[in-house]
Amino acid sequence: MTKLVYFAWVRERIGKGEEEIDLPAAVKTGADLLRHLKTRGEEYAHALEHEKVICIAVDQEHVEHDETIAGAREIALFPPMTGG
Amino acid sequence: MAGGVPAPVVVRVQREDFDAAAETARLTAGSAAAGAVVTFTGLCRDEGGRLSALELEHYPGMAEAEIGRICRTAVERFSLLGIAAIHRVGKIAPGGNIVLVVALAPHRHAAFDGASFVMDYLKTSAPFWKKEHFADGSQGGWVDAKDSDDRAREKWS
């Protein structure tokens, strides 16, 4: 099981802040994960519609979409950051 | 790092307000090598009276970790003698403090650059998000990321 956490409008659109899911073996990168999640329902498809703007963090460090997510304990998906 | 003593790196994410003068005094205390301290405070604007509050969400754990990484990079790059970065979360009314960066260095250029570097990276890489609340009682949307913030960060690379 992999823990997924969502923030800001990604969280609001998916309708939950976190969940644990079993990832298929074919899901190897961040981009694979986004495509997989979009098959889970309308709310996911809506939240992740514009894949390129979604930021991905693995175990609390930023990763690029083409990077591996193998062995991740916690994967976060969120919009571009607007702190400061 | 003067005398091999690691430069202090202070990172906090908190709901409560901070005291810029007290944080600055704490960082400069005992650092006789310091000749400059730059203190930056980011405030909540009212956007021409439109806004009643900003609500700041963060990714607990990663927010602190990412600010820590940015601060340590700044210490290394600008040979800072100390750095503090404090970011508030929750609802903040116009005029309220959002973020504090204090950079301590032997000379002013490093202190200015260090503080500026930390802010530019923090805005684009630290996991915080702002939601607007309007003065008429309605809830606004999430603040969009700005291209100008990306460009500000790119000037350091």
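Worth saying up front: this structure is predicted, and the values here are computed from it rather than measured.

Digging into the overall build of chain B
A tally of helices and strands in chain B yields 4 helices and 8 strands. Its C-alpha atoms give chain B a radius of gyration of 16 Å, near enough to 15 Å, the size a compact globule of 157 residues would have. Judged by the C-alpha coordinates and their principal axes, chain B covers about 55 × 30 × 30 Å. Pairs at least 24 residues apart make up 76% of the contacts formed inside chain B by residues separated by at least 6 positions. Surface exposure of chain B reaches about 7500 Å², of which carbon and sulfur atoms provide 51%. Once the 18 positive and 20 negative side-chain charges of chain B are each reduced to a mean point, those two points are 2 Å apart.

Re the packing of helix α2 (residues 62-78) of chain B against helix α3 (residues 108-125) of chain B
All names here are of chain B. For the pair α2 and α3, interaxial distance at closest approach is 9 Å and the crossing angle is 150°. The angle between α2 and α3 falls in the class roughly antiparallel. Pair α2 / α3 crosses with right-handed handedness. Residues Glu66, Ile67, Ile70, Cys71, Thr73, Ala74, Arg77 and Phe78 of α2 touch α3, and the partners they reach there are Ala110, Asp113, Gly114, Phe117, Val118, Tyr121, Leu122 and Ser125. Here the contact of α2 with α3 is composed, by residue class, of 10 nonpolar, 3 polar and 3 charged.

Structural notes on the sheet that holds strand β4 (residues 82-88) of chain B
Residues and elements named next belong to chain B. Read from one edge to the other, the open sheet built from 4 strands follows the order β1-β4-β6-β2, with strand pairing classed as mixed. Every interior strand has two partners, whereas the edge strands, β1 (9-14) and β2 (36-43), have only one. Strand-to-strand twist in this sheet, taken as the mean axis angle between neighbours without regard to direction, amounts to 5°. Judged from the 6 bridges that link them, β4 and strand β6 (residues 97-105) form a sheet pairing that is antiparallel. By the bridge assignment for β6, Gly82 is matched with Leu104. Each of β1, β2, β4 and β6 is contacted by helix α1 (residues 20-28), which is oriented at about 25° to β6, the strand it contacts most. Strands β2, β4 and β6 of the sheet are contacted by α3, whose axis makes an angle of about 145° with β6.

Some details on unusual backbone geometry
Of note, Asp59 of chain A is a non-glycine position whose phi angle comes to about 45°, a positive value. Following the sequence through the fold, Asp59 of chain A ends up in the loop between β3 (55-58) and β4 (61-63). Phi is positive for Glu47 of chain B, which is not a glycine, with a value near 50°. In this structure, Glu47 of chain B sits in the loop between β2 and β3 (51-58). On the basis of relative accessibility, which here comes to 33%, the residue Glu47 of chain B falls in the partly exposed class.

Quick look at the state of the cysteines
Under the counting rule described, the total for this entry stands at 0 disulfides over all chains. With no disulfide partner, Cys55 of chain A has as its closest neighbouring cysteine sulfur the one in Cys71 of chain B, 20 Å distant. For Cys55 of chain A, a relative accessible area of 18% puts it in the buried group.

A word on the interface of chain A and chain B
In many reports, interface size means the accessible area that the parts give up when they come together. In this assembly, 19 residues from chain A lie in contact with 26 residues from chain B. Taken over both partners, the interface formed by chain A and chain B buries close to 1800 Å², and the fraction arising from carbon and sulfur atoms is 56%. Where chain A packs against chain B, one counts 2 salt bridges. A salt bridge links Lys131 of chain B to Glu12 of chain A; the shortest N-O distance between them is 2.4 Å. The tally of links from chain A across to chain B stands at 17 residue pairs in polar contact (both at pLDDT 80 or more). For the side of chain A that touches chain B, the elements supplying multiple residues, two or more each, are α1 (8-14), β4 and β5 (74-78) of chain A. With 4 residues, the top contributor of residues to the side of chain A that touches chain B is α1 of chain A. Tallied by class, residues from the side of chain A that touches chain B come to 10 nonpolar, 5 polar and 4 charged.

How each quantity is defined
- Residues numbered from 1 in each chain as written.
- Chains lettered and ligands numbered in written order.
- Predicted model: local features only at pLDDT ≥ 70, side-chain atom pairs only at ≥ 80, totals over all residues.
- Heavy atoms only, no water.
- Helix = DSSP H or I, 4+ residues; strand = E, 2+ residues; numbered from the N terminus.
- Rg over C-alpha atoms; globule rule 2.2 N^0.38 Å.
- Contact = heavy atoms within 4.5 Å.
- Areas by Shrake-Rupley, 256 points an atom, 1.4 Å probe, with all protein chains shown as cover.
- Lys, Arg positive; Asp, Glu negative; His and termini not counted.
- Charge placed at Lys NZ, Arg CZ, Asp CG, Glu CD.
- Axes fitted to C-alpha atoms, helices over the stretch in contact; angles between N-to-C directions.
- Parallel < 35°, antiparallel > 145°, perpendicular 65-115°, else oblique.
- Left-handed = near helix turned anticlockwise from the far one by under 90°.
- Nonpolar A, V, L, I, M, F, W, Y, C, P; charged D, E, K, R; others polar.
- Pairing = 2+ DSSP bridges.
- Buried < 20%, exposed > 50% of the residue type's maximum accessible area, 1.4 Å probe, protein only.
- Disulfide = S-S within 2.5 Å.
- Buried area = accessible area lost by both parts, 1.4 Å probe.
- Salt bridge = Lys/Arg side-chain N within 4 Å of Asp/Glu carboxyl O.
- Polar contact = N/O pair within 3.5 Å; in protein donor to acceptor, adjacent residues only side chain to side chain.

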